[in-house]
Amino acid sequence: MQYSNARYMIYLIDSFGNRVSELNVADVSQFIRFRAVRTVNNVGALTIRFTGGSQEPAFLPILERLGLLRKDSIIEIWRTTGMVPSLLLDMVWYVRSIQRMLSADGTITIELTAFDSLYLLAGRLCLDVTSRAQNQLIVEGRISEIMTELVFINARATAILGNARRIPNLRVALQSFNEDVSINIDISKGNLLSVLQNLSEMSITKGVPVYFDIECNAANSMLFNIYANQRGVDRRTFQTGGDGRSSIINTNSGIIREMTMLADWTDEVTAVYPWGNNGTAALGFLTDPINQVSPYSTPFAWREAISEGGNTNSQETEFLAYSLLQNRRGTWNVSATLQDTSDFLYGRDWGFGDRIYINAFGAIMDTRINSVEFVIEEKQEIIRIALTVTEDMI
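About the cut-offs
- Residues numbered from 1 in each chain as written.
- Predicted model: local features only at pLDDT ≥ 70, side-chain atom pairs only at ≥ 80, totals over all residues.
- Heavy atoms only, no water.
- 1 Å grid on protein atoms, 1.4 Å probe; cavity = no way out; pocket = protein on both sides within 12 Å on 5 of 7 lines; lining within 4 Å.
- Points joined across faces, edges and corners; volume = space filled by probe spheres on them.
- Helix = DSSP H or I, 4+ residues; strand = E, 2+ residues; numbered from the N terminus.
- Nonpolar A, V, L, I, M, F, W, Y, C, P; charged D, E, K, R; others polar.
- Phe/Tyr/Trp six-rings, centres within 6.5 Å; stacked < 30°, edge-to-face > 60°.
- Buried < 20%, exposed > 50% of the residue type's maximum accessible area, 1.4 Å probe, protein only.
- Core = buried A, V, L, I, M, F, W, Y, C linked by side-chain atoms within 4.5 Å.
- Contact = heavy atoms within 4.5 Å.
- Axes fitted to C-alpha atoms, helices over the stretch in contact; angles between N-to-C directions.
- Parallel < 35°, antiparallel > 145°, perpendicular 65-115°, else oblique.
- Pairing = 2+ DSSP bridges.
- Expected span 1.5 Å × (residues − 1).
- Polar contact = N/O pair within 3.5 Å; in protein donor to acceptor, adjacent residues only side chain to side chain.

S.K.: What is the right way to look at the layout of surface pockets in this model?
M.R.: Empty pockets left among the atoms are what a rolling probe the size of a water molecule brings to light. If you add up the space inside the largest pocket, you get close to 760 Å³. The wall of the largest pocket is formed by 33 residues, among which Ile 204, Gln 326, Asn 327, Asn 370 and Thr 388 lie closest to the centre. Of the residues forming the lining of the largest pocket, the biggest block, four residues, is contributed by helix H4 (residues 192-205). In terms of residue class, the lining of the largest pocket is built from eight nonpolar, 16 polar and nine charged.

And the structure:
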């Protein structure tokens, strides 16, 4: 399928990584829409909608009867600009919903909903794999090494907890960063994805951001990885680690179709009183260690909240307080609809999770691309991004 400057191929993949059908070429006229969205550190979603007029799209029931379209069938979307195809958003998608709809005019529509590979981590608990007697589970060390170790031990077969916990085709990059921050945290009964998200939040609070993701080259090749400072590439050319290509998203460059910038302090909290059963309340009010001026930026900026911490681990009680501060910061967010051009291409000049400058209404801001959405509708490609202003600028 050709849309704007890009061509798309959509494949249905079996559990072993073999392509069993090209969903978009069975009958192009029956394909009407897809939407794929990914957000850093969170589960992404894909919806594909087909219509067959007064009959179901012929190839879908056949695939179902053959057992090829079912729960956890895998979808790959390949996008080509120029000559080189790439796996859209570096991700594969697992079917979790098949919906059939009949409209008043007799049109039959089928919609598939699938989730990205982080959905697989949401299906695992953080467990002590050395014992069936699951008691309190406390981990200690650098945040980055805890992340990789938790995925490594909870996404593979073990003698104690059996073979079913293994996530097929998933490898783990066993690495850590020298963030010089050691933590001690109780993760008992924790969901694996939620714990990873909490650890990432903790790293941001401590000023050493660590992000995580599963990178895919194909359905049978997945790698869990961690990233320092941003999920993607640092595109700020004058900063160490930049790739040398100037990447400033500018309203005057023809890249942006639409843009919205929001500065919002409606639900801001600037001082938290940690309340636990471990004496942490004796510390008094805690304020944001990164945005240190926020409680004093105006005569009315001091806004209080209590953080409930029922654990005896004082470090965890403090983390809950700092997490509340982080989640209730004032926010500066930018959203934009982009036009892929030869001067500014997705995958070459920018990508998911990149750190990049944007000129928004005359203000040049240091941002991270937190979310990317691709939509194909009415034979047009729409690319939307959501950017979060970096912590040191809030």
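Having seen it, we continue.
S.K.: Please clarify how the packing of aromatic side chains should be interpreted in this entry.
M.R.: Aromatic rings in a pair are described by how distant their centres are and how their planes are angled relative to each other. On inspection of all chains with the given rule, the structure shows ten aromatic pairs. Ring geometry for Tyr 8 and Phe 34: centres 5.4 Å apart, planes at 70°, overall edge-to-face. Linking Tyr 8 in strand S2 (residues 6-13) with Phe 34 in strand S4 (residues 31-39), this pair joins segments that are 26 residues apart in sequence. In this structure Tyr 8 comes out as buried when scored by relative accessible area, which is 0%. Of the residues examined, Phe 34 reaches a relative accessible area of 0% and is grouped as buried. Residues Tyr 273 and Trp 275 carry aromatic rings whose centres are separated by 5.9 Å and whose planes lie at 45° to one another, so their mutual orientation is tilted.

S.K.: How should I be thinking about the nonpolar core in this particular structure?
M.R.: Across soluble globular proteins, nonpolar side chains show a tendency to be buried alongside one another. Among the nonpolar cores identified, the biggest contains 91 residues, and Phe 34, Ile 75, Leu 121, Phe 224 and Trp 350 are the most heavily contacted of them. Residues contacting Phe 34, with those up to four places away along its chain left out, are Tyr 8, Ile 10, Leu 46, Thr 47, Ile 48, Ile 77, Leu 88, Phe 374, Val 375 and Ile 376.

S.K.: Mind showing me how you'd approach the packing of H4 against helix H5 (residues 314-327) here?
M.R.: When two helices pack together, their arrangement is given by the angle between the helix axes and by the axis-to-axis distance. Where H4 meets H5, the axes come as close as 10 Å, and the angle between the chain directions of the two elements is 80°. In terms of orientation, H4 and H5 fall into the roughly perpendicular class. Of the residues in H5, those touching H4 at Asn 198, Glu 201, Met 202, Ile 204 and Thr 205 are Phe 319, Tyr 322, Ser 323, Gln 326 and Asn 327. Across the contact of H4 with H5, the residue classes break down as four nonpolar, five polar and one charged.

S.K.: Please explain the sheet that holds strand S14 (residues 221-228) as it appears in this structure.
M.R.: The strands that make up a sheet pair up through hydrogen bonds in the backbone, lying either parallel or antiparallel. Here three strands make up an open sheet; going across it, the order is S11-S14-S13 and the pairing mixed. The sheet terminates laterally at strand S11 (170-172) and strand S13 (210-218), the two strands that pair on one side only. Between one strand and the next, the sheet's axes are offset by a mean angle of 30°, whatever the strand orientation. Sheet topology note: the S13/S14 ladder contains eight bridges and is antiparallel. Directly across from Cys 216, in S14, lies its bridge partner Met 222. Strands S11, S13 and S14 of the sheet are contacted by helix H3 (residues 143-154), whose axis makes an angle of about 165° with S14.

S.K.: Teacher, can you tell me more about H5 here?
M.R.: Spacing of three or four residues puts side chains on the same side of an α-helix, whose turn is 3.6 residues. The terminal C-alpha atoms of H5, which comprises 14 residues, lie 20 Å apart, in line with the 20 Å expected from a rise of 1.5 Å per residue. For H5, every residue scored as buried is listed here: Glu 316, Thr 317, Phe 319, Ala 321, Ser 323, Leu 325 and Gln 326.

S.K.: What is the right way to read unusual backbone geometry from this model?
M.R.: With the exception of glycine, most residues fall at negative phi, and the peptide bonds are largely trans. For Asn 41, which is not a glycine, the phi torsion comes out positive at approximately 65°. Along the chain, the position of Asn 41 falls in the loop between S4 and strand S5 (45-51). For Asn 41, a relative accessible area of 12% puts it in the buried group.

S.K.: Even after reading the chapter, I still don't get the pairing of S5, so can you show me in this structure?
M.R.: The two faces of the sheet receive side chains in turn, since in a regular strand these alternate between them. Within S5, five of the seven residues are buried, which leaves it mostly tucked inside the rest of the structure. Where S5 and strand S9 (residues 108-116) come together, seven bridges link them in antiparallel fashion. The residue bridging Arg 49 from the neighbouring strand is Glu 111, located in S9.

S.K.: Sorry if this is basic, but what is going on with the side chain of Asp 340 here?
M.R.: Within the secondary structure, Asp 340 is located in the loop between strand S19 (331-338) and strand S20 (355-360). Within the local environment of Asp 340, its side chain forms a polar contact with the side chain of Arg 79, the two groups lying 2.7 Å apart. A polar side-chain atom of Asp 340 sits 3.0 Å from the main-chain amide nitrogen of Tyr 346.

S.K.: Help me out: how do you make sense of the environment of Ile 248 in this one?
M.R.: Turning to its location among the elements, Ile 248 is positioned in strand S15 (residues 248-250). Classification of Ile 248 by relative accessible area gives partly exposed; the value is 37%. Taking C-alpha positions, Ile 248 is 6.9 Å from Asn 359, a pair spaced 111 residues apart along the chain. Here Ile 248 is in contact with Tyr 357 and Asn 359, once residues within four sequence places are set aside.

S.K.: Teacher, can you tell me more about the pairing of strand S22 (residues 380-389) here?
M.R.: Both S19 and S22 contribute to a ladder of six bridges, which runs antiparallel. Within the sheet, the bridge partner assigned to Asn 333 lies in S22 and is Thr 388. As paired strands, strand S21 (residues 363-377) and S22 are joined by ten bridges and run antiparallel to one another. Within S22, the position partnered with Ser 371 by the bridge is Ala 386. Where S21 folds back on S22, the antiparallel hairpin that results is connected by two residues, among which Glu 378 adopts a positive phi of roughly 50°.

S.K.: Sorry if this is basic, but what is going on with the environment of Asp 186 here?
M.R.: Inspection of the secondary structure assignment puts Asp 186 in strand S12 (residues 182-186). According to the relative accessible area criterion, Asp 186 is buried, its value standing at 15%. Taking the C-alpha atoms as reference points, Asp 186 and Glu 316, separated by 130 residues in sequence, lie 7.5 Å from one another. A polar contact is formed between the side chain of Asp 186 and the side chain of Gln 136, at a distance of 2.9 Å. Among the polar contacts listed, one links the side chain of Asp 186 to the side chain of Ser 188, at a separation of 2.6 Å.

Without other data, these values stay purely geometric and don't point to any function.
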